[in-house]
Protein chains: 2
Amino acid sequence: MILEEFLPYRLNVLAGLTSSALAQIYAERFGLSIPAWRIIVTLGQYELRTARDMAPDGVMHKSTVSRAVSALEKRGLIVRRPNLDDRREEWLALTPAGRAIYEAVAPEALAVEERLLSALTPQEQQAFTVLIDKLTRQARLLAPRSVEEDDA
Amino acid sequence: MILEEFLPYRLNVLAGLTSSALAQIYAERFGLSIPAWRIIVTLGQYELRTARDMAPDGVMHKSTVSRAVSALEKRGLIVRRPNLDDRREEWLALTPAGRAIYEAVAPEALAVEERLLSALTPQEQQAFTVLIDKLTRQARLLAPRSVEEDDA
DNA sequence: CGCCAATCGTTGCACGGGCAACCAATAGCA
DNA sequence: TGCTATTGGTTGCCCGTGCAACGATTGGCG
């Protein structure tokens, strides 16, 4: 067994490197953690969501989301509004300041993705996307019930 | 910008899922952390290495390696021997108990990899490997000097 | 030889995040 | 209506790990 050829190892290494590359933007320049970054992007995309929606497939633990939301609120980047139809949950939305950050950070993040993908031809990029999807579906089957799902 | 289509995000999700799948083996069944697991595998492969060799491309921080080595030694899975030619570093090697774990865990880990890859055709597997390599090389260029490298 | 720089490894500190227990609110159902 | 189960979210606790500073050893070079 050769670690350097082991798929999960290589995926971890690659994911770590890309995260590092990205962190130069959202962390060093905007002081965002990974969870905060994901929340900003999601709200930039969907306008109005609940905390639960921030981790669609259980990618983040709900406690992680909770704390990131608190931090973002404290910094004035997002606001919480009660959902009167179901007072257990709250609506989240970007403030103008939050949206400003989103609009500053998103293009740069996409540029990093671009630079990454520039190592591949368009055909390869397409193929890679397809393969990642297949593997992700398969991994979901093999992984223990993704985060929570069995909360109670 | 759509998070679910963002390459670094997808890589993180996939890496996380595969890690989870693997952790069912090395963590739940053998009580190994990721760093410990990597050390066991590396020593199973190379027989005799130093702590520094455990993180070839700076994938793990040296403090992480140091603590994992201590833990493995305490559990009697590896031994340290002084290198008399350079007393700053130490040789690491598996004990019989450590090798037993390696030999129990490696086939199962490979089986998980197998199940993962079974979602792809052999041609796709080959292609995926090549693409990962290309992206990893590129990511290394974009990421801030990998862990340490600039230690002093 | 003697000094400074570089290298291997350890450790104190702080922080992020997982886990589990918990509260509040709603849903299901008799 | 009332009782229990479920769900959204928060928080205390603990562990893993990155960072930076350090001790010990070696290398480079005058």
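Shown above is the structure to which this text applies.
Analysis parameters
In this convention, every chain numbers its residues from 1, walking through the sequence in written order. Here the convention is simple: chains get letters from A, ligands get numbers from 1, in the order in which they are written. With the structure being a predicted model, the display of local features is reserved for residues of pLDDT at least 70 and the display and counting of side-chain atom pairs for 80 or more, all residues being used for whole-chain, interface and lining totals. Values shown for side chains rest on all heavy atoms present in the structure; no hydrogens or waters enter the calculation. By convention in these notes, a residue is near a molecule or strand provided one of its non-hydrogen atoms lies within 4 Å of it. For this analysis, a polar contact is any N or O atom pair within 3.5 Å, provided that within protein one partner can donate a hydrogen and the other can accept it, and provided that sequence-adjacent residues contribute only side-chain to side-chain pairs. Each helix is a run of H or I in the DSSP string that is no shorter than four residues. Each strand is a run of E no shorter than two, and both are numbered from the N terminus. Here the expected length of a helix is defined as 1.5 Å per residue gap, with one fewer gap than residues. For every residue, the accessible area (1.4 Å probe, protein chains only) is compared with the maximum for its type, and the residue is labelled buried under 20%, exposed over 50%, or partly exposed between those bounds. The residue classification treats Ala, Val, Leu, Ile, Met, Phe, Trp, Tyr, Cys and Pro as nonpolar and Asp, Glu, Lys and Arg as charged. All others, Gly included, are polar.

(A) Quick peek at the protein's contact with DNA strand D. Around DNA strand D, the surrounding shell holds 20 residues, and the nearest of these are R52, K62, S66 and R80 of chain A together with T64 of chain B. Counted by atom, the contact set of DNA strand D within 4 Å of the protein is 61% sugar and phosphate. Interatomic distance of 2.7 Å between a side-chain N/O atom of K62 of chain A and a base oxygen of DNA strand D. R87 of chain B is positioned with one of its backbone polar atoms (N or O) 3.1 Å from a phosphate oxygen of DNA strand D. Every element with two or more residues in the surface near DNA strand D is listed here: α3 (62-74) of chain A together with α3 (62-74) of chain B. Among the elements that take part in the surface near DNA strand D, α3 of chain A stands out by supplying four residues, more than any other.

(B) Quick look at helix α1 (residues 7-26) of chain A. Between its first and last C-alpha, α1 of chain A extends 28 Å over 20 residues, near the 28 Å set by a 1.5 Å rise per residue. Most of α1 of chain A is tucked away: 15 of the 20 residues are buried.

(C) View of the protein's contact with DNA strand C. Within the structure, DNA strand C sits among 20 residues, and T64 and R67 of chain A together with R52, S66 and R80 of chain B are positioned closest to it. Atoms of DNA strand C within 4 Å of the protein belong to the sugar or the phosphate in 64% of instances, the rest to bases. Between DNA strand C and the protein, one listed contact pairs a base oxygen with a side-chain N or O atom of R88 of chain B at 3.1 Å. Contact distances for DNA strand C include 3.4 Å between a phosphate oxygen and a backbone N or O atom of E90 of chain B. Mapped onto the surface near DNA strand C, the elements with two or more residues apiece are α3 of chain A together with α3 of chain B. It is α3 of chain B that contributes the most residues to the surface near DNA strand C, four residues altogether. Counted by class, the surface near DNA strand C contains three nonpolar, six polar and eleven charged residues.

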